[in-house]
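# Examining the three-dimensional arrangement
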Amino acid sequence: MSINRNLLNIIIILCVCLNLGCNEGAQEREKKETYSHTIQVSSLFPSSSSCVLSPRAAKTKSSLHVTHRHGTCSPLNNGGKATRPDHVEILKLDQSRVNSIHSKLSKKLTTNHVSQSQSTDLPAKDGSTLGSGNYIVTVGVGTPKHDLSLIFDTGSDLTWTQCEPCVRTCYDQKEPIFNPSKSTSYYNVSCSSAACGSLSSATGNAGSCSASNCIYGIQYGDQSFSVGFLAKEKFTLTNSDVFDGVYFGCGENNQGLFTGVAGLLGLGRDKLSFPSQTATAYNKIFSYCLPSSASYTGHLTFGTAGISRSVKFTPISTITDGSSFYGLDIVGITVGGQKLAIPSTVFSTPGALIDSGTVITRLPPKAYAALRSEFKAKMSKYPTTSGVSILDTCFDLSGFKTVTIPKVAFSFSGGAVVELGSKGIFYAFKMSQVCLAFAGNSDDSNAAIFGNVQQQTLEVVYDGAGGRVGFAPNGCS
């Protein structure tokens, strides 16, 4: 009898141990799923065979389709085929944009006067920033409506398009160049007007006169520029969203790496920006979702239509000499559930901003070093490979069908915690070279920039009137 009782006790102990082991295994799996993404390696690369339209843009009021300019869905593509982007060139232009933003924020900019005859003499450090301008929307300009593909940019204020006649030079664009003489709603703005006087803050260059008409000039960090008449014109977003008398630049001398687009839609905070000019309709509120790949579309929506109830907001912070930028206060970063040991002053001293036109998120050197170290530790099962351009942490995934990536989340002031989508962590060149899509700034005093790779698939809401920016997951669906 005692033997049987002992045997029974052993069996009970074994069962308890096995059950605990199963629970521990389940807990480990649950922890792994909570703090990591497991995705197909092939999903890091766009399919060029078809275009998948965002249902959000199709069914939401005041909403435009957003396309990647190099993608299958782009109106600029060649017969439905995606153009293969030169990634090294994109990253080079991206660094030019970042340098220009940092230069502007460090008070190295000066105000200059421009004229039609001296347009190419605009200093490269002045004006605004463009970079590679990855995302575009189609907007109707003039009467009758002339559809134009415009880069949309939260880091720029003045909207402009190329215009006929091209007095000195125009770059190649896909659609016919806008001809103001064929529009019944176009007229030039006087150089004595308040709008002309506002050009300094919107472009970095004061307006000038040509036969009493206001002349604007804007130069970008990559040596691109646009010079022409400040004008007013009808802008059509959708059949029900039509605006008369929108200030814009009608550029008759334009040069740069705009690759097919007609111009730019300025979504910054200056009074000449498009959100400011349409404030009576939309109260300076707009949102967008950048698609997960070039084979999909996202949306750019003006007003509150369709905004998710799950959006988490953080206050817009003030950046010295950066009043047109949307500032953010980053208070922490976690990688795979591990909060990085980064002193708060690392972010608070230089400040941070969100930018639709910067591709790769830039972090203060100490913050990037901590992120890179923790990310590499959690990716230790995957072989590393050489870096590319500004990206120094790369992996060879050619021998894997799936990859498990540690989740990355940003904490902002006000309690907003934003978990990046699985496509917001890597920048993929090829299967054998997939890189962490973050880079460190060259100096501790340079502002952090939350770039567009990290924003992919998120719903990003800009509430200019409320002084806040918000985030929610799955913004394109």
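Residues numbered from 1 in each chain as written. Predicted model: local features only at pLDDT ≥ 70, side-chain atom pairs only at ≥ 80, totals over all residues. Heavy atoms only, no water.

Identification of the protein as Aspartyl protease family protein At5g10770 from Camelina sativa is taken from an unreviewed UniProt entry.

## Focus: the overall build of the protein
Short version of the rule: Strands here mean DSSP runs of E at least two residues long; helices mean DSSP runs of H or I at least four residues long; both are numbered from the N terminus. Buried means the residue's accessible area, taken with a 1.4 Å probe over protein chains only, is under 20% of the maximum for its type, while exposed means over 50%, and partly exposed covers the values in between. Using the Shrake-Rupley algorithm and a 1.4 Å probe, accessible areas are obtained, with residue cover drawn only from the displayed protein chains.
When you go through the protein residue by residue, the secondary structure sums to 10 helices and 32 strands. Across the 477 residues that make up the protein, the buried fraction comes to 56%. Total accessible area on the protein stands at roughly 19,800 Å², and carbon and sulfur atoms take up 52% of it.

## A short note on unusual backbone geometry
The linkage connecting Thr-143 with the following residue, Pro-144, adopts the cis geometry, with an omega of 0°. Mapped onto the secondary structure, Pro-144 falls in the loop between strand 4 (135–141) and strand 5 (146–153). Here Glu-164 and Pro-165 are connected by a cis peptide whose omega angle stands at -5°. Inspection of the secondary structure puts Pro-165 in the loop between strand 6 (160–162) and strand 7 (187–188). One non-glycine residue with positive phi stands out, namely Thr-457, at about 70°. Take Thr-457: it is sitting in the loop between helix 10 (452–455) and strand 31 (459–463).

## Quick look at the layout of surface pockets
The test is simple: Grid points spaced at 1 Å over the protein atoms alone were grouped into cavities, where a 1.4 Å probe fits but cannot get out, and pockets, open sets with protein on both sides within 12 Å along at least five of seven lines, with lining residues defined by an atom within 4 Å of a point. Grid points are joined across faces, edges and corners, and a volume is the space filled by probe spheres set on the points. Gly is put with the polar residues, along with every residue not named as nonpolar or charged; the nonpolar set is Ala, Val, Leu, Ile, Met, Phe, Trp, Tyr, Cys and Pro, and the charged set is Asp, Glu, Lys and Arg.
Of the voids in this model, the second largest pocket is the one considered here, and its volume is about 340 Å³. Mapped onto the lining of the second largest pocket, the elements with two or more residues apiece are helix 3 (87–105), strand 18 (330–335) and helix 8 (345–348). Its residues assigned to classes, the lining of the second largest pocket comprises nine nonpolar, 11 polar and one charged.

## A short note on the sheet that holds strand 25 (residues 408–412)
Short version of the rule: Pairing between strands is defined by DSSP: at least two bridges between them are needed.
Pairing in this open sheet of four strands is antiparallel, and the strands run 19-18-25-26 from one edge to the other. On the outer flanks of this sheet lie strand 19 (338–339) and strand 26 (417–419), each paired with one strand and no other. Two strands pair when backbone bridges link them, and strand 18 and strand 19 are joined in this way by two bridges, in the antiparallel orientation. Bridge pairing in strand 19 links Thr-334 to Lys-339.

## Regarding the environment of Ser-63
We apply this condition: Note on definitions: a residue-residue contact is assigned when non-hydrogen atoms from the two residues lie within 4.5 Å. Any pair of N or O atoms that falls within 3.5 Å is considered a polar contact. Within protein, one atom must be able to donate a hydrogen and the other to accept it, and sequence-neighbouring residues count only if both atoms are side-chain atoms.
Here Ser-63 is to be found in strand 2 (residues 63–68). For the pair Ser-63 and Phe-286, spaced 223 residues apart in sequence, the C-alpha to C-alpha distance is 9.5 Å. Non-local contacts of Ser-63, meaning those with residues more than four positions away in its chain, are made with Arg-56, Ala-57, Thr-238, His-299, Leu-300 and Thr-301. Separated by 2.7 Å, the side chains of Ser-63 and Thr-301 make a polar contact.

## Considering the pairing of strand 27 (residues 426–430)
Burial analysis of strand 27 places four of its five residues in the buried class, which makes it a mostly covered element. Bridge analysis of strand 27 against strand 28 (residues 433–436) gives four bridges, and the strand direction is antiparallel. When the bridges of strand 28 are listed, Phe-426 appears paired with Leu-436. Counting the residues between successive antiparallel strands, the hairpin from strand 27 to strand 28 contains two residues.

## Looking at the nonpolar core
Quick note on the threshold: Among buried residues, those of type Ala, Val, Leu, Ile, Met, Phe, Trp, Tyr and Cys that are joined through side-chain atoms within 4.5 Å constitute a nonpolar core.
Counting residues in each nonpolar core, the largest one holds 78 residues, and the members touching the most others are Phe-152, Leu-300, Phe-302 and Phe-410. It is strand 11 (residues 225–238) that contributes the most residues to this core, six residues altogether. If we ignore the near neighbours within four places in the chain, the residues touching Leu-300 are Ser-62, Ser-63, Leu-64, Val-66, Val-137, Phe-152, Leu-265, Leu-267, Phe-286, Ser-287 and Tyr-288. In terms of nonpolar packing, the next biggest core, distinct from the first, is built from 20 residues, Leu-199, Ile-218, Leu-264 and Leu-272 among them.

## Thoughts on the state of the cysteines
Put simply, the rule reads: Pairs of cysteine sulfur atoms within 2.5 Å are identified as disulfides in what follows.
Tallied over the entire structure, the rule returns seven disulfides. Two residues share a disulfide in this structure: Cys-163 and Cys-250, whose sulfurs sit 2.0 Å from each other. The chirality of the disulfide connecting Cys-163 with Cys-250 is left-handed, given an S-S dihedral of about -115°. Of the two residues, Cys-163 is situated in the loop between strand 6 and strand 7 and Cys-250 in strand 12 (residues 241–255); the sequence distance between them amounts to 87 residues. For the pair shown, Cys-163 and Cys-250 are each scored as buried. For Cys-166, the disulfide goes to Cys-170, at an S-S distance of 2.0 Å. As the torsion about the S-S bond is roughly -100°, the Cys-166-Cys-170 disulfide counts as left-handed.

## Things to note about the sheet that holds strand 23 (residues 394–395)
Backbone-to-backbone hydrogen bonds pair the strands of a sheet. The strands run either parallel or antiparallel. The strand order 22-23-28-27 describes an open sheet built from four strands, whose pairing is antiparallel. A strand with exactly one partner marks an edge of an open sheet, and here the two such strands are strand 22 (384–385) and strand 27. With two bridges joining them, strand 22 and strand 23 adopt antiparallel strand pairing. From the neighbouring strand, Thr-385 faces strand 23, where its bridge partner is Cys-394.

## Some words on the packing of aromatic side chains
Quick reminder of the rule: Pairing of aromatic side chains requires ring centres within 6.5 Å, counting the rings of Phe and Tyr and the six-membered ring of Trp. Pairs whose planes differ by under 30 degrees are stacked, by over 60 edge-to-face, and all others tilted. Placement of a positive charge over a ring is assigned whenever Lys NZ or Arg CZ falls within 6 Å of the ring centre and within 35 degrees of the normal to the ring plane.
Following the criterion strictly, the structure yields 25 aromatic pairs and no others. Sitting above the plane of the Tyr-326 ring, Arg-269 keeps its charged end 5.9 Å from the centroid. Cation over ring: Arg-468 sits above Phe-313, and NZ or CZ is 3.6 Å from the ring centre.

## Some words on the pattern of salt bridges
Note the cut-off: Here, a salt bridge means any Lys or Arg side-chain nitrogen found within 4 Å of an Asp or Glu carboxyl oxygen.
The full count for this structure, using the stated rule, is 11 salt bridges. With a shortest N-O distance of 3.9 Å, Asp-244 and Lys-234 are connected by a salt bridge. Of this pair, Asp-244 sits in strand 12 while Lys-234 is found in strand 11, placing the two residues 10 residues apart along the sequence. Taking the relative accessible area as the measure of exposure, Asp-244 reaches 62% and is therefore exposed. Between Asp-392 and Arg-372 there is a salt bridge, and its shortest N-O distance comes to 2.8 Å. Placement of Asp-392 in the loop between strand 22 and strand 23 and of Arg-372 in helix 9 (residues 365–378) is noted, with a sequence separation of 20 residues between them.

## Regarding the pairing of strand 31
The buried fraction of strand 31 is high, at five of five residues. Here strand 31 shows no split at all, with Glu-459, Val-461 and Asp-463 on one side and Val-460 and Tyr-462 on the other all buried. Looking at chain direction, strand 14 (residues 285–289) and strand 31 are connected through four bridges and run antiparallel. Residue Phe-286 lies in a different strand from strand 31, and its bridge partner there is Tyr-462. Between strand 31 and strand 32 (residues 468–472), which follow one another and run antiparallel, lie four residues, and Gly-467 among them has a positive phi close to 65°.

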